[in-house]
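Structural overview for review
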Amino acid sequence: MKNTLSHIRELEAESIYVLREVAAQFQKPALLFSGGKDSIVVAHLAYKAFYPAKIPFPFLHIDTGHNFKETIDYRDMMVQKLGVNLIVGSVQESIDTGRVREETGYYASRNLLQTTTLLDTIEKHKFDCAIGGARRDEEKARAKERFFSHRDEFGQWDPKNQRPELWGLFNGHHHMGEHFRVFPISNWTEMDVWQYIFMEKIDMPSIYFTHERQVFFRDGQWLAAEECMTLKPTETVETRQVRCRTIGDISCTGLTLSKADCLEDIIEEIAATRVTERGSRADDKRSETAMEDRKVVGYF
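Residues numbered from 1 in each chain as written. Predicted model: local features only at pLDDT ≥ 70, side-chain atom pairs only at ≥ 80, totals over all residues. Heavy atoms only, no water.

Attention now goes to the layout of surface pockets. For the second largest pocket, the calculated volume is near 310 Å³. Lining the second largest pocket are 17 residues, and of these Glu-123, Lys-126, Phe-127, Gly-177 and Glu-178 lie nearest its centre. Examining the composition of the lining of the second largest pocket, we find that three residues originate from one element, helix H5 (residues 114-125), more than from any other. Tallied by class, residues from the lining of the second largest pocket come to five nonpolar, six polar and six charged. (1 Å grid on protein atoms, 1.4 Å probe; cavity = no way out; pocket = protein on both sides within 12 Å on 5 of 7 lines; lining within 4 Å. Points joined across faces, edges and corners; volume = space filled by probe spheres on them. Helix = DSSP H or I, 4+ residues; strand = E, 2+ residues; numbered from the N terminus. Nonpolar A, V, L, I, M, F, W, Y, C, P; charged D, E, K, R; others polar.)

Moving on: unusual backbone geometry. Omega for the peptide link from Tyr-51 to Pro-52 comes to 10°, which places this bond in the cis form. Among the secondary structure elements, Pro-52 is positioned in the loop between helix H2 (37-50) and strand S2 (59-63). The residue Asp-219 is not glycine, and still its phi comes out positive at about 50°. Position of Asp-219 among the secondary structure elements: in the loop between strand S7 (211-218) and strand S8 (221-224).

A few words now on helix H3 (residues 69-82). Here H3 spans 20 Å end to end across 14 residues, near enough to the 20 Å set by a 1.5 Å rise per residue. For H3, the set of buried residues is Thr-71, Ile-72, Tyr-74, Arg-75, Met-78, Val-79 and Leu-82. Within H3, the buried residues cover an arc of 160° as seen down the axis, which keeps them to one side. Turned more than 90 degrees away from the buried face of H3, the exposed residues are Lys-69, Gln-80 and Lys-81. On its buried side, H3 packs onto H2, S2 and strand S3 (86-90). Immediately downstream of H3, the backbone of Gly-83 shows phi near 70°, a positive value. (Expected span 1.5 Å × (residues − 1). Buried < 20%, exposed > 50% of the residue type's maximum accessible area, 1.4 Å probe, protein only. Arc of directions from axis to C-beta. Contact = heavy atoms within 4.5 Å.)

Looking now at the nonpolar core. Ranked by internal contacts, the top residues of the largest apolar core, which has 62 residues, are Phe-59, Phe-148 and Trp-194. Counting residues per element, this core draws most heavily on H2, which supplies eight residues. Discounting chain neighbours no more than four positions away, the residues touching Trp-194 are Lys-37, Met-204, Tyr-208, Leu-263, Ile-266, Ile-267 and Ile-270. Judged by nonpolar contacts, the second largest core, of 13 residues, contains Leu-32, Ile-62, Leu-118 and Ile-122. (Core = buried A, V, L, I, M, F, W, Y, C linked by side-chain atoms within 4.5 Å.)

Below, the discussion takes up the pairing of strand S6 (residues 179-182). Neither face of S6 is exposed, since His-179 and Arg-181 on one face and Phe-180 and Val-182 on the opposite face are all buried. Relative to S6, strand S4 (residues 129-131) runs parallel, the two being bridged by three bridges. Bridge pairing links Cys-129 to Phe-180 in S6. With four bridges connecting them, strand S5 (residues 148-151) and S6 associate as antiparallel partners. The partner of Phe-148 across the bridge, within S6, is Val-182. (Pairing = 2+ DSSP bridges.)

For the rest of this paragraph, the subject is the sheet that holds strand S1 (residues 29-32). Taken together, six strands build an open sheet; the order of strands is S3-S2-S1-S4-S6-S5 and the sheet is mixed. A strand with exactly one partner marks an edge of an open sheet, and here the two such strands are S3 and S5. Geometrically, the sheet is characterised by an average inter-axis angle of 30° between neighbouring strands, direction not taken into account. Packed onto the sheet, H2 meets S1, S2 and S4 and runs at close to 135° relative to S1. Sheet strands in contact with H5 are S1, S2, S3, S4 and S6, and its direction is about 145° off that of S2. (Axes fitted to C-alpha atoms, helices over the stretch in contact; angles between N-to-C directions.)

Before going further, it helps to examine H2. The end-to-end C-alpha separation of H2 is 20 Å, in line with the 20 Å expected for 14 residues at 1.5 Å each. Among the residues of H2, those classed as buried are Lys-37, Asp-38, Ser-39, Ile-40, Val-41, Val-42, Ala-43, His-44, Leu-45, Ala-46, Ala-49 and Phe-50.

The subject of this paragraph is the packing of aromatic side chains. One pass over the structure, following the stated rule, counts 12 aromatic pairs. Judged by centre distance (4.9 Å) and plane angle (10°), the rings of Phe-148 and Phe-170 are stacked. With a gap of 22 residues between them, Phe-148 in strand S5 and Phe-170 in the loop between S5 and S6 connect regions that are remote in the sequence. By the burial criterion, Phe-148 is buried, and Phe-170 matches it. Among the aromatic side chains, those forming a connected cluster through ring pairs are Tyr-17, Phe-26, Phe-147, Phe-148, Phe-170 and Phe-180. The ring of Phe-147 carries the charged tip of Arg-136 above its face, separated from the ring centre by 5.0 Å. (Phe/Tyr/Trp six-rings, centres within 6.5 Å; stacked < 30°, edge-to-face > 60°. Lys NZ or Arg CZ within 6 Å of the ring centre and 35° of its normal.)

This paragraph deals with the state of the cysteines. Throughout this description, disulfide means a covalent bond between two cysteine sulfur atoms. By the definition in use, this model includes zero disulfides. In this structure Cys-228 is a free cysteine whose sulfur lies 10.0 Å from that of Cys-252, the closest cysteine sulfur available. For Cys-228, a relative accessible area of 28% translates into the label partly exposed. (Disulfide = S-S within 2.5 Å.)

Our next topic: the sheet that holds strand S9 (residues 238-243). With respect to topology, four strands assemble into a closed barrel ordered S7-S8-S10-S9, the strand pairing being antiparallel. The sheet shows a mean angle of 70° between the axes of neighbouring strands, direction not considered. As judged from the two bridges shared by S8 and strand S10 (residues 254-257), these two strands associate in the antiparallel manner. Bridging from a neighbouring strand, Leu-223 pairs with Gly-254 of S10.

Honestly, it's all geometry; don't read function into it.
Right, here's the structure in full:
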(Lines give C-alpha, C1' and ligand atoms only; values in the text may rest on other atoms or scores of the structure.)
Protein backbone atom coordinates (compact mmCIF):
# COMPACT_ATOMS: atom_id res chain seq x y z
CA MET A 1 0.00 0.00 0.00
CA LYS A 2 2.91 2.34 0.76
CA ASN A 3 4.30 1.94 -2.76
CA THR A 4 0.85 2.57 -4.23
CA LEU A 5 0.46 5.72 -2.15
CA SER A 6 3.86 7.01 -3.29
CA HIS A 7 3.05 6.25 -6.93
CA ILE A 8 -0.31 8.04 -6.79
CA ARG A 9 1.18 11.07 -5.03
CA GLU A 10 3.87 11.34 -7.72
CA LEU A 11 1.17 11.32 -10.40
CA GLU A 12 -0.79 13.93 -8.45
CA ALA A 13 2.26 16.21 -8.18
CA GLU A 14 2.94 15.87 -11.92
CA SER A 15 -0.66 16.75 -12.80
CA ILE A 16 -0.73 19.74 -10.46
CA TYR A 17 2.50 20.99 -12.05
CA VAL A 18 0.91 20.73 -15.50
CA LEU A 19 -2.20 22.62 -14.35
CA ARG A 20 -0.09 25.41 -12.88
CA GLU A 21 1.85 25.62 -16.16
CA VAL A 22 -1.48 26.10 -17.94
CA ALA A 23 -2.35 29.03 -15.67
CA ALA A 24 1.09 30.53 -16.26
CA GLN A 25 1.26 30.12 -20.05
CA PHE A 26 -2.28 30.67 -21.37
CA GLN A 27 -4.55 33.70 -21.32
CA LYS A 28 -7.97 31.99 -21.59
CA PRO A 29 -7.94 28.30 -20.61
CA ALA A 30 -11.03 26.22 -19.88
CA LEU A 31 -11.44 22.83 -18.23
CA LEU A 32 -13.51 20.32 -20.19
CA PHE A 33 -15.94 18.89 -17.64
CA SER A 34 -18.58 16.26 -18.37
CA GLY A 35 -19.25 14.70 -14.97
CA GLY A 36 -17.23 11.64 -15.98
CA LYS A 37 -14.61 10.17 -13.66
CA ASP A 38 -11.54 11.54 -15.46
CA SER A 39 -12.85 15.10 -15.65
CA ILE A 40 -13.87 14.81 -11.99
CA VAL A 41 -10.31 13.88 -11.06
CA VAL A 42 -8.89 16.75 -13.13
CA ALA A 43 -11.32 19.16 -11.44
CA HIS A 44 -10.24 17.86 -8.03
CA LEU A 45 -6.58 18.30 -8.99
CA ALA A 46 -7.29 21.86 -10.17
CA TYR A 47 -8.93 22.58 -6.82
CA LYS A 48 -5.81 21.37 -5.00
CA ALA A 49 -3.44 23.13 -7.42
CA PHE A 50 -4.82 26.61 -6.71
CA TYR A 51 -6.23 26.29 -3.18
CA PRO A 52 -7.03 28.47 -1.24
CA ALA A 53 -7.76 30.58 -4.32
CA LYS A 54 -10.57 29.53 -6.62
CA ILE A 55 -9.90 27.58 -9.82
CA PRO A 56 -8.82 30.35 -12.24
CA PHE A 57 -10.66 29.15 -15.33
CA PRO A 58 -14.22 28.15 -16.26
CA PHE A 59 -15.54 24.65 -16.85
CA LEU A 60 -16.70 23.84 -20.38
CA HIS A 61 -19.21 21.08 -21.12
CA ILE A 62 -20.25 20.02 -24.61
CA ASP A 63 -23.83 18.85 -24.08
CA THR A 64 -25.04 16.31 -26.64
CA GLY A 65 -28.59 16.48 -25.31
CA HIS A 66 -28.34 12.72 -24.86
CA ASN A 67 -26.48 12.63 -21.57
CA PHE A 68 -27.15 10.46 -18.55
CA LYS A 69 -29.14 12.43 -15.99
CA GLU A 70 -26.80 11.30 -13.23
CA THR A 71 -23.80 13.02 -14.81
CA ILE A 72 -25.66 16.26 -15.54
CA ASP A 73 -26.90 16.42 -11.94
CA TYR A 74 -23.36 15.78 -10.70
CA ARG A 75 -21.95 18.43 -13.05
CA ASP A 76 -24.30 21.08 -11.71
CA MET A 77 -23.58 20.08 -8.11
CA MET A 78 -19.82 20.20 -8.63
CA VAL A 79 -19.88 23.58 -10.37
CA GLN A 80 -21.84 25.06 -7.48
CA LYS A 81 -19.59 23.43 -4.88
CA LEU A 82 -16.39 24.74 -6.49
CA GLY A 83 -17.82 28.14 -7.32
CA VAL A 84 -16.67 28.06 -10.94
CA ASN A 85 -18.33 29.41 -14.04
CA LEU A 86 -19.88 26.77 -16.34
CA ILE A 87 -20.05 27.29 -20.10
CA VAL A 88 -22.20 24.83 -22.06
CA GLY A 89 -21.91 24.20 -25.77
CA SER A 90 -25.08 22.62 -27.17
CA VAL A 91 -25.04 19.97 -29.89
CA GLN A 92 -28.78 20.47 -30.26
CA GLU A 93 -28.15 24.12 -31.07
CA SER A 94 -25.57 23.08 -33.67
CA ILE A 95 -28.20 20.82 -35.26
CA ASP A 96 -30.89 23.51 -35.15
CA THR A 97 -28.65 26.10 -36.80
CA GLY A 98 -27.50 23.71 -39.53
CA ARG A 99 -23.90 23.48 -38.38
CA VAL A 100 -24.19 19.68 -38.22
CA ARG A 101 -26.65 17.09 -39.49
CA GLU A 102 -28.22 14.64 -37.08
CA GLU A 103 -27.50 10.99 -37.79
CA THR A 104 -30.44 8.65 -38.31
CA GLY A 105 -30.98 4.91 -38.03
CA TYR A 106 -30.32 2.32 -35.37
CA TYR A 107 -26.69 3.36 -34.92
CA ALA A 108 -27.30 7.11 -34.87
CA SER A 109 -25.10 8.95 -32.39
CA ARG A 110 -24.38 12.54 -31.48
CA ASN A 111 -20.89 11.70 -30.29
CA LEU A 112 -19.06 12.77 -33.45
CA LEU A 113 -21.23 15.88 -33.74
CA GLN A 114 -19.62 17.19 -30.56
CA THR A 115 -16.49 18.12 -32.51
CA THR A 116 -18.13 21.00 -34.38
CA THR A 117 -19.84 22.24 -31.21
CA LEU A 118 -16.56 22.08 -29.28
CA LEU A 119 -14.61 24.01 -31.92
CA ASP A 120 -17.38 26.59 -32.31
CA THR A 121 -17.48 27.12 -28.53
CA ILE A 122 -13.69 27.46 -28.31
CA GLU A 123 -13.81 30.04 -31.11
CA LYS A 124 -16.76 31.92 -29.62
CA HIS A 125 -15.07 32.35 -26.23
CA LYS A 126 -11.54 32.70 -27.65
CA PHE A 127 -10.15 29.92 -25.46
CA ASP A 128 -6.47 29.27 -26.15
CA CYS A 129 -6.36 26.07 -24.10
CA ALA A 130 -8.85 23.30 -23.33
CA ILE A 131 -7.85 21.05 -20.42
CA GLY A 132 -9.07 17.46 -20.80
CA GLY A 133 -9.06 14.22 -18.86
CA ALA A 134 -7.77 11.91 -21.62
CA ARG A 135 -5.19 9.31 -20.61
CA ARG A 136 -2.61 7.56 -22.78
CA ASP A 137 -3.64 4.09 -21.59
CA GLU A 138 -7.20 4.48 -22.90
CA GLU A 139 -6.65 4.06 -26.63
CA LYS A 140 -3.79 3.89 -29.14
CA ALA A 141 -4.52 7.32 -30.66
CA ARG A 142 -4.53 8.96 -27.24
CA ALA A 143 -1.20 7.29 -26.51
CA LYS A 144 0.31 9.64 -29.12
CA GLU A 145 -0.72 12.78 -27.26
CA ARG A 146 1.71 15.08 -25.45
CA PHE A 147 0.74 16.83 -22.23
CA PHE A 148 0.52 20.04 -24.30
CA SER A 149 -1.11 19.02 -27.59
CA HIS A 150 -1.08 21.69 -30.30
CA ARG A 151 -4.14 22.36 -32.48
CA ASP A 152 -3.95 24.51 -35.62
CA GLU A 153 -6.25 27.40 -36.54
CA PHE A 154 -8.87 24.88 -37.72
CA GLY A 155 -8.72 22.95 -34.44
CA GLN A 156 -7.00 20.03 -36.15
CA TRP A 157 -4.41 17.73 -34.60
CA ASP A 158 -1.32 16.49 -36.44
CA PRO A 159 0.14 13.60 -34.41
CA LYS A 160 3.40 13.79 -36.42
CA ASN A 161 3.92 17.47 -35.68
CA GLN A 162 3.87 17.75 -31.90
CA ARG A 163 6.47 19.48 -29.77
CA PRO A 164 9.02 17.60 -27.68
CA GLU A 165 8.55 17.70 -23.91
CA LEU A 166 11.92 17.24 -22.25
CA TRP A 167 12.72 17.65 -18.55
CA GLY A 168 9.19 18.78 -17.77
CA LEU A 169 9.39 21.80 -20.06
CA PHE A 170 6.20 22.65 -21.96
CA ASN A 171 5.95 24.98 -24.93
CA GLY A 172 2.54 26.61 -25.11
CA HIS A 173 3.44 29.23 -27.72
CA HIS A 174 0.77 29.55 -30.39
CA HIS A 175 -0.36 31.89 -33.13
CA MET A 176 -3.67 33.74 -33.24
CA GLY A 177 -6.55 31.30 -33.74
CA GLU A 178 -4.58 28.24 -32.62
CA HIS A 179 -5.10 26.53 -29.30
CA PHE A 180 -3.81 23.69 -27.16
CA ARG A 181 -5.42 20.69 -25.57
CA VAL A 182 -3.71 19.89 -22.28
CA PHE A 183 -4.01 16.50 -20.58
CA PRO A 184 -2.78 16.63 -16.96
CA ILE A 185 -3.52 12.95 -16.22
CA SER A 186 -1.90 11.59 -19.38
CA ASN A 187 0.31 9.16 -17.43
CA TRP A 188 -2.49 7.81 -15.22
CA THR A 189 -4.19 4.46 -15.74
CA GLU A 190 -7.80 3.55 -15.03
CA MET A 191 -6.61 1.85 -11.86
CA ASP A 192 -4.67 4.96 -10.80
CA VAL A 193 -7.80 7.07 -11.26
CA TRP A 194 -9.95 4.84 -9.05
CA GLN A 195 -7.26 4.44 -6.39
CA TYR A 196 -6.94 8.24 -6.28
CA ILE A 197 -10.70 8.65 -6.00
CA PHE A 198 -10.64 6.17 -3.10
CA MET A 199 -7.68 7.84 -1.37
CA GLU A 200 -9.11 11.34 -1.75
CA LYS A 201 -12.66 10.25 -0.84
CA ILE A 202 -14.12 11.96 -3.92
CA ASP A 203 -17.89 11.64 -4.27
CA MET A 204 -18.87 10.09 -7.60
CA PRO A 205 -22.01 9.95 -9.75
CA SER A 206 -24.17 6.96 -8.86
CA ILE A 207 -24.00 5.64 -12.44
CA TYR A 208 -20.46 4.35 -11.77
CA PHE A 209 -21.80 1.97 -9.13
CA THR A 210 -24.00 -1.04 -9.72
CA HIS A 211 -27.64 -0.09 -10.14
CA GLU A 212 -30.76 -1.44 -11.77
CA ARG A 213 -31.39 -0.12 -15.29
CA GLN A 214 -33.39 -1.03 -18.37
CA VAL A 215 -30.96 -2.17 -21.05
CA PHE A 216 -30.79 -4.05 -24.34
CA PHE A 217 -28.06 -6.14 -25.96
CA ARG A 218 -26.50 -5.10 -29.28
CA ASP A 219 -23.27 -6.16 -31.00
CA GLY A 220 -21.77 -7.71 -27.90
CA GLN A 221 -22.58 -4.99 -25.41
CA TRP A 222 -25.36 -3.74 -23.18
CA LEU A 223 -26.77 -0.30 -23.94
CA ALA A 224 -29.20 1.87 -21.99
CA ALA A 225 -32.79 1.68 -23.21
CA GLU A 226 -33.33 5.44 -23.12
CA GLU A 227 -35.72 7.55 -25.18
CA CYS A 228 -33.00 8.63 -27.61
CA MET A 229 -32.22 5.00 -28.58
CA THR A 230 -34.00 3.24 -31.46
CA LEU A 231 -34.31 -0.50 -30.96
CA LYS A 232 -34.32 -3.03 -33.77
CA PRO A 233 -37.40 -5.29 -34.02
CA THR A 234 -35.33 -8.20 -32.71
CA GLU A 235 -34.03 -6.33 -29.65
CA THR A 236 -35.80 -6.56 -26.31
CA VAL A 237 -35.52 -4.48 -23.16
CA GLU A 238 -34.38 -6.18 -19.96
CA THR A 239 -33.75 -5.00 -16.42
CA ARG A 240 -30.20 -5.73 -15.30
CA GLN A 241 -27.69 -4.83 -12.61
CA VAL A 242 -25.13 -2.69 -14.45
CA ARG A 243 -22.66 0.14 -14.05
CA CYS A 244 -20.57 2.39 -16.31
CA ARG A 245 -16.79 2.22 -16.58
CA THR A 246 -16.56 5.15 -18.98
CA ILE A 247 -19.31 7.61 -19.76
CA GLY A 248 -20.13 9.48 -22.95
CA ASP A 249 -23.19 10.10 -25.07
CA ILE A 250 -25.91 7.55 -24.20
CA SER A 251 -25.88 6.23 -27.76
CA CYS A 252 -22.32 4.93 -27.52
CA THR A 253 -21.83 4.16 -23.83
CA GLY A 254 -21.75 0.47 -23.09
CA LEU A 255 -22.82 -0.78 -19.66
CA THR A 256 -21.04 -3.46 -17.68
CA LEU A 257 -22.85 -6.23 -15.83
CA SER A 258 -21.48 -5.82 -12.35
CA LYS A 259 -22.01 -6.22 -8.62
CA ALA A 260 -19.53 -3.48 -7.69
CA ASP A 261 -21.46 -1.09 -5.47
CA CYS A 262 -18.54 0.58 -3.65
CA LEU A 263 -15.08 1.92 -4.53
CA GLU A 264 -13.29 -1.12 -3.11
CA ASP A 265 -15.36 -3.43 -5.32
CA ILE A 266 -14.69 -1.29 -8.41
CA ILE A 267 -10.94 -1.44 -7.79
CA GLU A 268 -11.07 -5.22 -7.39
CA GLU A 269 -13.17 -5.55 -10.54
CA ILE A 270 -10.74 -3.47 -12.62
CA ALA A 271 -7.77 -5.45 -11.31
CA ALA A 272 -9.40 -8.69 -12.51
CA THR A 273 -10.74 -7.56 -15.90
CA ARG A 274 -8.98 -8.11 -19.21
CA VAL A 275 -11.20 -5.75 -21.18
CA THR A 276 -10.18 -2.09 -21.44
CA GLU A 277 -12.69 0.56 -20.43
CA ARG A 278 -12.86 1.84 -24.03
CA GLY A 279 -13.91 -1.67 -25.00
CA SER A 280 -17.41 -0.67 -23.91
CA ARG A 281 -17.57 2.38 -26.17
CA ALA A 282 -19.47 1.77 -29.41
CA ASP A 283 -18.00 4.90 -31.04
CA ASP A 284 -14.53 3.32 -31.00
CA LYS A 285 -15.81 0.30 -32.96
CA ARG A 286 -16.89 2.14 -36.10
CA SER A 287 -13.44 1.54 -37.61
CA GLU A 288 -9.93 0.53 -36.61
CA THR A 289 -8.88 4.20 -36.55
CA ALA A 290 -12.13 5.68 -35.24
CA MET A 291 -10.60 7.62 -32.35
CA GLU A 292 -7.66 9.00 -34.33
CA ASP A 293 -9.93 10.01 -37.21
CA ARG A 294 -12.08 11.99 -34.77
CA LYS A 295 -9.13 13.55 -32.98
CA VAL A 296 -7.46 14.73 -36.19
CA VAL A 297 -10.46 16.96 -36.98
CA GLY A 298 -10.76 18.37 -33.46
CA TYR A 299 -12.40 15.78 -31.19
CA PHE A 300 -11.55 15.66 -27.47
